[in-house]
Amino acid sequence: METITKQPQVKNYIDGQFDRNGQNSMDIISPLDGTVISTLPLSTGQDVDKAVKAAKKAFPAWSSMTFKERVQIFFRYRSLLEKNMDELTNLVRIENGKTYGEAKAEVEKSMELCEFAVSIPQIIVNEVQEVSKGVECRIERKPLGVVASITPFNFPNMVPHWTVPNALVLGNTMVMKPSELVPLSTVRMAELLKEAGLPDGVFNIINGGKEVVESICDHPDIEAVSFVGSTKVAKIVYKRATSNLKRCVALGGAKNHLLVFPDANPEMTASNVVASMVGCAGQRCMAASVMVGVDKVQHIIDKMVIEAKNIVPGENLGSVISAEAKKRIEAYISEAEADGATILVDGRNTAVKGKEGGYYVGPTIIDHVTTDMSVAREEIFGPVISIVRAKDLDEAIEIENGSNYGNAAAVFTQSGGLAKQVMERASAGMIGVNIGVPVPREPFSFGGWNESKFGVGDITGRSSIEFWTQNKKTTVKWNPEARTNWMS
Ligand code: NAD
């Protein structure tokens, strides 16, 4: 059992220094046992302005370094993630409530994201062509300037790594606003980046909530904003940042549908569906939320019930983020029950011995859910799955397509033909075939459809290279004898 230790006060990080000015006015609570582990400043627009000034000052020197020089820092940084794996894993664990294995997987994924970032010089080879005799055109990718990244609570280590390595390697400088619920991993990230040799001012952190986000969206010297969080806030941020003429990509919430057919391998399907719904306590934007059982799938549901009952909260199931989250999730289950659904496994009123102050919800399987119920439509963000029955493929697809969201969808079958139909017809950005959490691994990019994402392109991979850069086109003539470019 881990020790939930008090952590140093969280401070803003501006120009390579931890800033003492911010007023520490919010407690950071470990959801594992409900104890206060640190405090956080709720910063203002003035703090954002200080960080933007530092980032702006650092930009000319940072952006004029060669790719090779910038990348060396991220080679060293990736090694530091590996070296400090145990400490970083425990930090995620105590601030977010994950199991050790889940928290470690998050840091490992951050290392993979750095591996993509250090490969960017191999991907970007700028184009040059002789367009008329002696006249040459070239196109180069240039950084935007000061950019911002706003992150949610559910992946304190990994989600910041979706944006920071790529944006910085590409020559931008950044102001980061982590979730006020889990700022500790981002603070550690700043320390390790400095240790890896990142110049001061290139990466800055401003802690807080709504006011910081609004100031970022309004600041005239911020060129681009990336956001990850709920759909409600993604819409606010996307509208505000773009109305201030900034680039924005804003990833929102999810309601992922898993379509299960009777011919699916029962053991593999049951364990995949349950792992997808309970992993990270269901607080993953890729988590299974609705299982569409097509035709006769009772034998698979029976196995899911056995699997779910073997899960022990506090051991192989972490906590949810807060007392409010626990209350919200339990209210969804009670509402479904009152609406006539059958609770096959009930995770309400779960407590963990020795951690009575923690926020635990056990695995919950709700059967005979209809598409008008809130548990079929809304994001619950807990270890809960709603089973909706469908008679055939067409009805199953109609149910999936009926969701406002569109992050992920998956199909479980042994039929290639059925799988192909779902791959083509599901309205989601990331599709799994016999995989419950179809997160694309690097270099494949991450991003959903519909109300799960606003803006063009994805947040990682090649798409992010487009997002964090602009093209400069140059036409050159050195040879005085050369004929002029026909457009000149
Ligand atoms: P959230 O939207 O509440 O918060 C995200 C960020 O927005 C935080 O930094 C927060 O301080 C800020 N914020 C909150 N309310 C705000 C407001 N009114 N105005 C301006 N800023 C505000 O999300 P969360 O609860 O931290 O994270 C969970 C959500 O994130 C879920 O909906 C989940 O699906 C989603 N998520 C999506 C993805 C994805 O890739 N699509 C990935 C991870 C999480």
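Procedures and definitions
- Residues numbered from 1 in each chain as written.
- Predicted model: local features only at pLDDT ≥ 70, side-chain atom pairs only at ≥ 80, totals over all residues.
- Heavy atoms only, no water.
- Near = heavy atom within 4 Å.
- Polar contact = N/O pair within 3.5 Å; in protein donor to acceptor, adjacent residues only side chain to side chain.
- Areas by Shrake-Rupley, 256 points an atom, 1.4 Å probe, with all protein chains shown as cover.
- 1 Å grid on protein atoms, 1.4 Å probe; cavity = no way out; pocket = protein on both sides within 12 Å on 5 of 7 lines; lining within 4 Å.
- Sits in = over half its atoms within 2 Å of the grid points.
- Domains from an automatic or database assignment.
- Contact = heavy atoms within 4.5 Å.
- Buried area = accessible area lost by both parts, 1.4 Å probe.
- Salt bridge = Lys/Arg side-chain N within 4 Å of Asp/Glu carboxyl O.
- Phe/Tyr/Trp six-rings, centres within 6.5 Å; stacked < 30°, edge-to-face > 60°.
- Helix = DSSP H or I, 4+ residues; strand = E, 2+ residues; numbered from the N terminus.
- Buried < 20%, exposed > 50% of the residue type's maximum accessible area, 1.4 Å probe, protein only.
- Core = buried A, V, L, I, M, F, W, Y, C linked by side-chain atoms within 4.5 Å.
- Pairing = 2+ DSSP bridges.

J.: Could you give me a rundown of the site of the ligand, with the residues and numbers involved?
T.: Surveying the vicinity of the ligand reveals 27 residues, the closest of which are Lys 177, Glu 180, Ser 230, Gly 252 and Glu 379. Contact distances for the ligand include 2.6 Å between an oxygen atom and a side-chain N or O atom of Lys 177. At 2.6 Å from an oxygen atom of the ligand is found a side-chain nitrogen or oxygen belonging to Ser 230. About the coverage of the ligand: the protein hides 88% of its 850 Å² of free accessible area. In this structure, the ligand is accommodated by the largest pocket.

J.: So what's going on with the domain arrangement of the chain? Which residues, and what values?
T.: One widely used convention gives an interface's size as the accessible area the parts lose upon coming together. Domains assigned within the chain are domain 1 (12–253 + 448–473) and domain 2 (256–433). One C-alpha centre belongs to domain 1, the other to domain 2, and the line joining them spans 31 Å. Contact residues are listed per partner, giving 24 residues for domain 1 and 29 residues for domain 2. Buried surface at the junction of domain 1 and domain 2, both sides included, amounts to about 2000 Å², of which 57% is carbon and sulfur. Of all residues in domain 1, Pro 31, Phe 153 and Trp 449 bury the most surface against domain 2, accounting for 22% of the area lost on that side. One can count 0 salt bridges joining domain 1 with domain 2. The interface formed by domain 1 and domain 2 contains 12 residue pairs in polar contact (both at pLDDT 80 or more).

J.: Lay out the packing of aromatic side chains in plain terms, naming residues and giving numbers.
T.: Per the stated rule, a full pass over the model turns up 6 aromatic pairs. Summarising the aromatic geometry, the rings of Phe 74 and Tyr 77 are spaced 6.0 Å apart at their centres and angled 70° between planes, so their arrangement reads as edge-to-face. Taken as a pair, Phe 74 and Tyr 77 lie in helix H2 (residues 67–83) at a separation of 3 residues, close to a single helical turn. For the residue pair Phe 74 and Tyr 77, the accessibility class agrees, reading buried in each case.

J.: Describe the nonpolar core, listing the residues and the values that go with them.
T.: With 63 residues, the main nonpolar core has Met 291, Met 304, Ile 365 and Ile 366 as its most contacted residues. If sequence neighbours within four positions are ignored, Ile 366 has contacts with Ile 333, Ala 336, Ala 341, Thr 342, Ile 343, Val 375, Val 384, Ile 385, Ser 386 and Ile 387. In terms of nonpolar packing, the next biggest core, distinct from the first, is built from 57 residues, Ala 58, Phe 74, Tyr 77 and Phe 203 among them.

J.: Quick rundown of the pattern of salt bridges? Include the residues and the values.
T.: This model, assessed by the stated rule, comprises 33 salt bridges. The residue Lys 98 makes a salt bridge to Glu 106 at a minimum N-O spacing of 2.8 Å. Residue classification places Glu 106 among the buried residues on the basis of a relative accessible area of 2%. The network of salt bridges with common partners includes Lys 109, Glu 112, Arg 441 and Glu 442.

J.: Please set out the pairing of strand E16 (residues 384–390) residue by residue, giving values where relevant.
T.: Regular strands show a simple pattern: their side chains alternate between the two faces of the sheet. Counting buried residues along E16, 6 of its 7 residues qualify, which places the element largely inside the surrounding structure. Sheet topology places strand E13 (residues 288–294) next to E16; 5 bridges connect them, and they run parallel. Within E16, the position partnered with Val 292 by the bridge is Val 388. Direction of pairing for strand E15 (residues 364–367) relative to E16: parallel, over a ladder of 3 bridges. When the sheet's bridge partners are listed, Thr 364 is paired in E16 with Val 384.

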